[in-house]
Structure formats: structure tokens, C-alpha cells
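Observations on the three-dimensional arrangement
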Amino acid sequence: MTVRTVELPQLWMPHPLRVNPYLSNLHEESETWAREMGMLEGHGELPGQRPIWSRDKFHAMTVDQLTAWTLPDASLPALRLNHRFNIWALAWDDYFAAAFKQTGDLPGARLFTARLHAFLRPEPDARLPEPVNAVERGIADLQRHLFPPGLAHWRHDFNRALTRYVDAGVEELANSRTGRVPHLIDYAPFRRESFAAHTAPYSVELATGARIPEQIRHSRTVRALLDAFMDFMGLANDIASYEREVHEENDVNNLVVVVGTSLGIALHDAVPAALNLVNARLRDFEHLRRNEMPLLVRRAGLDRDEQAESEAWLRGACGFLSGIHAWYTGAPRYTSAPDVPFPG
């Protein structure tokens, strides 16, 4: 059973795709940062390090589209910054898969990840190690630019989210080596970490310039809304990348496998069950956004400016979800014609 037998548009999406007007700018400069970081073949590799991507493979990922689709309201500087982060996250993912998942090198993965921790410091003036590979060079550069004054409050939470992201890669590798499939009850919160979904609210804030107001930010309703927002991203990714992860990388950390194992059902039945679960999380997000958030705003007594800020952030979150849905269902990284191997 492969993902090609599943119609990916079954992934429900009530929000129309909106595209950032600066997409053409990103397309023109798409290689620039990745080349400077040594991620591309034939361009600035660090001594003794293999590049992560060929030029063709890099462009096949259409990271510029991912960024422009998920952040339709961002300014060009904000779009560029998030584009670099998206490139880095995919570079880490592909590097980790090639260097450690495909080889089963758990000790090497732990050493690699421990070094990355030293680059994810909450102190703005922290001294970082000298990078020895393209992933480290990329995160070192991002640390100098991701937290301008308007987003300085994100430094601690963002780096904590990235620490959980790279740590989750090691846990996924350990699961795959031992054949331990995570249980469905534990998987959703783990997937938020392994997808770096906790960084997505930052991306929305970067794009919109709006924050969820302090008076409601830690409420049960907002926490539930953010969980549903993050769950759609990671769990829908599992549907889109099922064949690559499970059949090519022998990964057990995928919602389809988790559902089938936890419920004791065949993969033929686990695929639609997983799809239904992903769609249910998006319905949860929509219910909270449409019904519970307005009640919360009224109860909290937010003034007009605070209400506008909340609405702007929520509109940005809807745009983020529609963009990532479009990328999953249309990007070459996740789609393929019959009998054509998936790109890595």
C-alpha cells in the first residue's frame, strides 16, 4: 500500500490559497543563501563535507513556493528571513536522513545533535562554535538574523523548539532501529516537536506583525487552537511523505504506521483512518477559530486594536495552513507521476 493510491486532495482545506506578491523575488534569489551556506553541490562546501543537494534537487523542492504560499502577507525582508529558515529545516532533515537514518548511525546522530545544541542558545550575545558542516553554518547565520527587536521575545521559545526538533530526530532514529512504533496517544505531541511546528506561530507573527494578545495567549482556548494548528502541519506531512519515509527510509515514525499499529488494523484501512484524523484536527482548528475565539475575545474585554491584532494573526494562521496544504499536494518533494521515484 503506497501513498499513490490515496487521493491527497482528500486532505480538507477550507481556506483558499493566497500567494505572496514577492514570490518572483524569492525565485530569483532562491539559491543565494543555500549556496553561501555550502548546502549546494559545487558551491562553497566546507572541507571534507559532501553537499546536501544538487542544484536540480534543490529547485525541485520549490522552497520559494512553500514560503510564499504559507506567508502571503509578509514583507519581502520577512519573507526572505523565513525562506532561509525553511531551507535550513529541510537541509537538516535531508542531511540527517542521509547521514544517520539511512546508515542507522545512532551514536553519530547523537554527537551531531549535541553539537547543534551549542548553536541554539537563548542569550543574544552567546558565543557560538565554529561551524563544521552546512547545517551548522546555516543555523549559526540564522541566529544572527532571526530575532530582530520586534521578535526578540521569540529567542528563547524558538531555540527551545529547534532543540526539541533536532532531539526528536534522534528519537525517531532510535525508534526505527528498534522497530518501536510510537503509540497513537503519544504521537501527536511528539509530531509537533519532530516537525518543528512550535516555530510556526513565530512565522505567522513575522509575516503579519501581529501577536495573539497577552490577555488570552495562555488561555485553554488558545492553547487548543495552537495544538490543532500545529497538528495539521505535521500529521498532514505524514500522509504526503508516507512512501518516502516508510518505503525508502524504513521509518516507523509516520501517522499511517502509528494508526495501523495502535489500532491493530491493516495499512489499507490505516490510510483513510489517518486522513480522517488529520481532517478532524483541521475541523477542531476551525471550530475554535470561528466559535470559541470570539467568545474568548469578548470575555477578555479586548479593545479594538487588540481584537484587530488577534484577527490578523488568525488570518495569517489560515494562510499558513492553506499554503502548506498546497505544497504537500503539489510540490515534487511529495508528488510523483506513476512509476517515477519520489525525490528525496
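Refer to the structure presented above.
Structure report, in brief. Nothing here was measured: the structure is a model prediction, and the numbers come from that model.

Turning next to the layout of surface pockets. Roughly 650 Å³ of volume is contained in the largest pocket. Residue lining of the largest pocket: 19 residues in total, with W154, D157, P201, R217 and L226 positioned closest to the centre. If you list the elements that add at least two residues to the lining of the largest pocket, you get α8 (155-178), α10 (200-208) and α12 (220-240). Here the lining of the largest pocket takes 5 residues from α12, the largest share from any one element. Of the residues in the lining of the largest pocket, the class split is 8 nonpolar, 3 polar and 8 charged.

Under the counting rule described, the total for this entry stands at 22 salt bridges. In this structure, R121 engages E123 in a salt bridge whose closest nitrogen and oxygen atoms are separated by 3.2 Å. With a relative accessible area of 31%, R121 lands in the partly exposed category. With a closest N to O distance of 2.4 Å, R217 and E214 form a salt bridge. Placement of both R217 and E214 in helix α11 (residues 214-217) is noted, with a separation of 3 residues, approximately one turn of the helix. In the salt-bridge network here, residues are joined through shared partners; they are R192, D227, D231, R281 and D284.

With that out of the way, let us pick up the nonpolar core. Counting 107 residues, the largest nonpolar core has M39, W53, W88, W92, F229, F285 and W313 as the members making the most contacts within it. Of the residues forming this core, the biggest block, 13 residues, is contributed by helix α5 (residues 76-101). What W88 contacts, discounting residues up to four positions off in sequence, is W33, M39, V135, G138, I139, L142, L162, Y165 and V166.

Enumeration over the complete set of coordinates arrives at 3 cavities of 30 Å³ or more. Roughly 550 Å³ of volume is contained in the largest cavity. Lining of the largest cavity is provided by 36 residues; of these, A89, L90, Y165, F195 and N237 occupy positions nearest its centre. Counting residues per element, the lining of the largest cavity draws most heavily on α5, which supplies 8 residues.

Moving on: the environment of T113. Position of T113 among the secondary structure elements: in helix α6 (residues 106-117). Note: C-alpha distance between T113 and V170 (57 residues apart in sequence) is 7.7 Å. Those residues in contact with T113 that lie beyond four places of it in its chain are F96, V166, D167 and V170. A polar atom in the side chain of T113 sits 2.8 Å from the backbone oxygen of A109.

Procedures and definitions
Residues numbered from 1 in each chain as written. Predicted model: local features only at pLDDT ≥ 70, side-chain atom pairs only at ≥ 80, totals over all residues. Heavy atoms only, no water. 1 Å grid on protein atoms, 1.4 Å probe; cavity = no way out; pocket = protein on both sides within 12 Å on 5 of 7 lines; lining within 4 Å. Points joined across faces, edges and corners; volume = space filled by probe spheres on them. Helix = DSSP H or I, 4+ residues; strand = E, 2+ residues; numbered from the N terminus. Nonpolar A, V, L, I, M, F, W, Y, C, P; charged D, E, K, R; others polar. Salt bridge = Lys/Arg side-chain N within 4 Å of Asp/Glu carboxyl O. Buried < 20%, exposed > 50% of the residue type's maximum accessible area, 1.4 Å probe, protein only. Core = buried A, V, L, I, M, F, W, Y, C linked by side-chain atoms within 4.5 Å. Contact = heavy atoms within 4.5 Å. Polar contact = N/O pair within 3.5 Å; in protein donor to acceptor, adjacent residues only side chain to side chain.

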